[in-house]
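Architecture and fold: a report
For reference, the chains in residue letters:
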Amino acid sequence: MRPTFRRRAGRRAALLAVGAMTAGLLLTAPQQATAGPPNLLSNPGFETAGAAGSDMPSCWSKSGWGDNDFTFATVPDAHSGTKAMRVSLTRRVDGDRKALVTENTVCAPTVTPGRQYDLSAWYKSNTPDVSVTVFRRDTTSGWQYWTDLQNPPVSAGWSRTEVRTPVVPPHTDKIAWGLSVYGVGTLTTDDYALEEVGALPPQPVCSGTAEECAKGKWQVIPAQNPVRSMHAVVLKNGKVLLIAGSGNDIAQFNAGTFTSAVYDPANGSFRTIPTPVDMFCAGHVQLSDGRVLVMSGNKGYPSADGKIGYQGLKDSYTFDPVTETYTRTNDMNGGHWYPSATILGNGDVISFGGLKEDSTGNVTAEKFSAAQNKWLPMNEVNQTWSYWGLYPSMILMQDGRLFYSGSHTFGNGTPGTGASIYDYDANTITDVPGLRNKDERDESASVLLPPAQDQRVLTIGGGNNERNPAANRITDIIDLKKPSPAYTAGPDLPQGLVDTGTGKRPQTGAEGKMYVSAVLLPDGKVLETGGGLHDRADPVFEASFFDPATNSYQAGLATDPIPRTYHSASFLMPDGRVMSVGDNPGNGTYNHNVSIYTPPYLFKGARPRITSVIDTQWVYGDTQRITVDRPVAKAELIRPAAVTHSSDPNQRFVDLPMTVDGTTIDLNVTSNPNLAPPGWYMLFAVDANGVPSIATWVHLGGPSALAAAQEQPSAHEHTFADALGPAKKNPAKRDSVPVAPSVAGCDRHYGSVNVCVPTRFPAEVEATTKARCEWLASHRYPKRLKVNGSDPLRLDPDGDGLAC
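All of the points below concern the structure found in this document. All figures in this text were calculated on a predicted structure; none of them were measured in a lab.

1. Observations concerning the overall build of the protein
- Regarding its fold elements, the protein presents three helices and 58 strands.
- Computed over the C-alpha atoms, the radius of gyration of the protein is 27 Å, within 12% of the 28 Å expected from 2.2 N^0.38 for a compact globule of 804 residues.
- In terms of overall dimensions, the protein has C-alpha extents of about 100 × 60 × 50 Å along its principal axes.
- Buried positions account for 63% of the 804 residues belonging to the protein.

Written as structure tokens, this is what we have:
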């Protein structure tokens, strides 16, 4: 059985004074409003009996799921009137039970997309395992689970719980809800209410130009990135760690010159950091205490004759944001050049894939123990002996399993459907279907869409560095809550201008991009930006927003004036802007310009402010109080970026359901650390026009990352991903798998190792010396490249040892 989690039973009181504004306001029992909008529910107090023969009151139905024993009863122990509803669980393996507003046109209240609603009820319970559960009716696909909003605490006497819904999604016309009990115990409820939140906020007034308000604005800052950074990590203090190692520069590697830098947005300065080993193409992830775990890197570059490929290090370090220094940990069990790095719900880190010290593919799973602060011996880590490729995108699911999205860097042709679910406890891998063009998803981007509670993943674009076709426009979406998840086709990626070496032109046909960046924004959208049409070449100037609520792109945003292809990164800053660094095309150059994107929401007038946060140390299942300077529509936690090569599997946006009393807001923190792994997060408050506050840093955790609570009931999940096909048979124990030395798509017979002459030129380039040399010249490759041994691409027809 997979581990499950619960919130802490003793919810933090956190009733510190926040001025007269909060005096007398109970954190867990908001007072009944003296006046308000009409209650949209029928029979909110269970007073009207159901139709003849029914054992439920009118407009209420028995609901729930899972393996449990339960009873429903209408009882006279009422908060008001003569009746209340009592639901008891006497045995529970999984699932929940609840009285739910009947899902029909008569009983379920009509709602308006784009609006919010306050849900409230009076209740008594002897179990902490209670949640407010909401369903919605989609006008196309019918009734479906929407979200869980709150975990009311145990209450022996009548208490009132109230919570505000997120903005009602498009194509929703009705909602139904109820209080669920998902642990052994009894819940009695009465006097439900559903009230529409007041008038719509005033329309924003544009504070910039009309174009800025519609498309946003890019600015190239005066200071240049001092290092050839391949990796970017937003630290818990708002600074940015940029790691280069040797920076894909063989001369720096041979000299033992390895670099990192820390950028401080507060003053625009860079500080160069001593770097102990070549962290070029390492893996990295933020630990629960805010340190950055950096694993593996580059032990050696490929040989000039192409017989030996890249070699991975065993080395591992942590970076301390306070002292800005690296500290060595114990070694990994093997080298992992291009490893994955995913933090788990208990704070441990799991890593797969990459290349070993001898350039073969690493089939060993590695696990870093947060409690022991070390990599575990191989025999203490479950092993499938599977090869996951390079930088496989491994996303933590809400029950602790891992979803391999199909995004990777190099190494096409992995077996199966291209995407799968890995169950660490069962040590099984099960393919999921639907990923289109699975062998053309090299340097695609995958992201867990906002909010994380929805468990939907978007995969964008990609190519194939071995065959080097034009990158594609494909986007695919998977809903991991479904019993048998499968990718479905999303909308095509918008097109922009591409520079193929002779100036910019509009993209045509199926042309898309690889090396794309996908950034979660505080308004709940995803910024996709940067990328190129071919392997390490032909930058695409295009940016768009993907809206998870509508599954659509907003095309035509302002574009970064700097090309951003191979070894580029874009990421969210705590002020709501996006920073972009890097570009390392195949000709071996590197772009040190840094761009900052100001999204349109920052041109919509004044932004809301979080004026107080009672406690910045948060525990799972807590209610945390903040105050704001004016009404907001939502609040969320966004995990800071740790991105490289289009990959950041730990990026996530966690919704914080709100109970609102003017400008005082109580936030319900998820009780499930698999939804929000322990660590530092950016807390944003966002108004109804999508304008975010500047983030406040909060730390989310719990005693031993809730290790003692792993076998307790989980927050309401519903059944999901439980009707998968048969698991694949794991390979027998083995040391590695063969990987071609040309896995990076570069023919090493030409020039120095940091110059990447493509093994396959783009299809439109004729297979002649003249056409290939013209392509190299138009892409600004060094003239007269040295030929290392043989001449497979026929670039040296006169045999003088120099190409073109």
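Let us keep going from here.
2. Some details on empty space enclosed by the protein
- What the rule picks out here adds up to 13 cavities of 30 Å³ or more.
- Estimates place the volume of the second largest cavity at around 150 Å³.
- Lining the second largest cavity are 20 residues, and of these A518, V519, S570, D648 and Q651 lie nearest its centre.
- Among the elements that take part in the lining of the second largest cavity, strand β37 (residues 517-520) stands out by supplying four residues, more than any other.
- Broken down by class, the residue content of the lining of the second largest cavity amounts to twelve nonpolar, six polar and two charged.

3. Observations concerning the sheet that holds strand β22 (residues 342-343)
- In space, the four strands of this open sheet follow the order β22-β23-β25-β26, with antiparallel pairing throughout. In this open sheet, the two strands that pair with only one neighbour each are β22 and β26 (374-375).
- Sheet analysis places β22 next to strand β23 (residues 349-351), joined by two bridges and oriented antiparallel. Paired with T342 across the two strands is I350, which belongs to β23.

4. A word on the state of the cysteines
- Counted under the stated rule, the structure contains four disulfides.
- One disulfide in the model links C59 with C107; its S-S distance is 2.1 Å. Here C59 and C107 share a disulfide; its torsion about the S-S bond, -75 degrees, makes the bridge left-handed. Within this pair, whereas C59 is found in the segment before β1 (60-65), its partner C107 is found in the loop between β4 (96-101) and β5 (117-125), the two being separated by 48 residues in sequence.
- Given the relative accessible area of 12%, C59 is considered buried.
- For C107, a relative accessible area of 8% gives the class buried.
- Counting its disulfide-bonded cysteines in sequence order, the protein shows a connectivity of 1-2, 3-4, 5-6, 7-8.

5. A few points about the packing of aromatic side chains
- Inspection of the entire model under this criterion finds 31 aromatic pairs.
- Each ring, one from W388 and one from Y404, has its centre 5.5 Å from the other, and the planes form 75 degrees; the classification is edge-to-face. Of the two residues, W388 is situated in the loop between β26 and β27 (394-396) and Y404 in strand β28 (residues 402-404); the sequence distance between them amounts to 16 residues. You'll find W388 and Y404 in the same group, each marked buried.
- Judged by centre distance (5.3 Å) and plane angle (80 degrees), the rings of F761 and W775 are edge-to-face. Highlighted residues: F761 in the loop between β56 (736-737) and α3 (769-778) and W775 in helix α3, separated in sequence by 14 residues. By the burial criterion, F761 is buried, and W775 matches it.
- Put simply, the rings of F253, F258, F280, Y301, Y310, W337, Y338, Y391, F410, Y515 and Y566 pair up and form one aromatic cluster.
- Its end group placed over the ring of F541, K504 keeps NZ or CZ at 4.0 Å from the ring centre.
- The lysine or arginine in question, R536, covers the ring of Y566, its NZ or CZ lying 4.1 Å from the ring centre.

6. Structural notes on the side chain of H749
- Of note, H749 is situated in the loop between β56 and α3.
- Here S790 takes part through its side chain, which lies 3.2 Å from a polar atom of the side chain of H749.
- With near-sequence residues (within four places) excluded, H749 lies in contact with A304, D305, K786, V787, N788, S790 and P792.

7. Section: the environment of L793
- By the secondary structure assignment, L793 is in the loop between β57 (785-786) and β58 (802-803).
- By relative accessible area, L793 is classed as buried at 7%.
- Through-space distance from the C-alpha of L793 to that of A763 is 14 Å; in sequence the pair is 30 residues apart.
- Not counting residues within four places of it along the chain, the set of residues in contact with L793 comprises D747, Y750, V757, P758, T759, F761 and R772.

8. Quick notes on the pattern of salt bridges
- Counted by the stated rule, this structure contains 36 salt bridges.
- Among the ionic pairs, K314 bridges to E357, the shortest N-O distance being 3.9 Å. One end of the pair, K314, is in the loop between β19 (311-312) and β20 (316-320); the other, E357, is in the loop between β23 and β24 (361-362), and 43 residues separate them in sequence.
- What makes K314 partly exposed here is its relative accessible area of 33%.
- The salt bridge partner of R328 is D315, with a shortest N-O separation of 3.1 Å. Note that R328 is positioned in strand β21 (residues 325-328) and D315 in the loop between β19 and β20, a separation of 13 residues in sequence.
- For R328, a relative accessible area of 43% puts it in the partly exposed group.
- The class of D315 is buried, set by a relative accessible area of 12%.
- Salt bridges sharing partners connect three or more residues here, namely D67, D69 and R91.

9. A look at the side chain of T670
- Mapped onto the elements of the fold, T670 is located in the loop between β53 (664-668) and β54 (679-686).
- Under the relative-accessibility criterion, T670 is labelled buried at 13%.
- Here T670 is in contact with Y620, G621, V654, L675 and A676, once residues within four sequence places are set aside.

10. Section: the nonpolar core
- Of all hydrophobic cores here, the largest spans 53 residues; its most connected members are L527, F571 and M579.
- The element contributing the most residues to this core is β54, with four residues.
- When neighbours within four sequence positions are excluded, F571 is seen to be in contact with A232, V234, V240, V519, R577, V578, M579, V581, A641 and V643.
- V632, L667, V669 and A685 belong to the second largest nonpolar core, which has 37 residues in total.

11. Brief notes about unusual backbone geometry
- Put simply, P450 and P451 share a cis peptide bond, and its omega is -15 degrees.
- Take P451: it is sitting in the loop between β31 (445-448) and β32 (456-460).

Quick notes on the rules
Residues numbered from 1 in each chain as written. Predicted model: local features only at pLDDT ≥ 70, side-chain atom pairs only at ≥ 80, totals over all residues. Heavy atoms only, no water. Helix = DSSP H or I, 4+ residues; strand = E, 2+ residues; numbered from the N terminus. Rg over C-alpha atoms; globule rule 2.2 N^0.38 Å. Buried < 20%, exposed > 50% of the residue type's maximum accessible area, 1.4 Å probe, protein only. 1 Å grid on protein atoms, 1.4 Å probe; cavity = no way out; pocket = protein on both sides within 12 Å on 5 of 7 lines; lining within 4 Å. Points joined across faces, edges and corners; volume = space filled by probe spheres on them. Nonpolar A, V, L, I, M, F, W, Y, C, P; charged D, E, K, R; others polar. Pairing = 2+ DSSP bridges. Disulfide = S-S within 2.5 Å. Phe/Tyr/Trp six-rings, centres within 6.5 Å; stacked < 30°, edge-to-face > 60°. Lys NZ or Arg CZ within 6 Å of the ring centre and 35° of its normal. Polar contact = N/O pair within 3.5 Å; in protein donor to acceptor, adjacent residues only side chain to side chain. Contact = heavy atoms within 4.5 Å. Salt bridge = Lys/Arg side-chain N within 4 Å of Asp/Glu carboxyl O. Core = buried A, V, L, I, M, F, W, Y, C linked by side-chain atoms within 4.5 Å.

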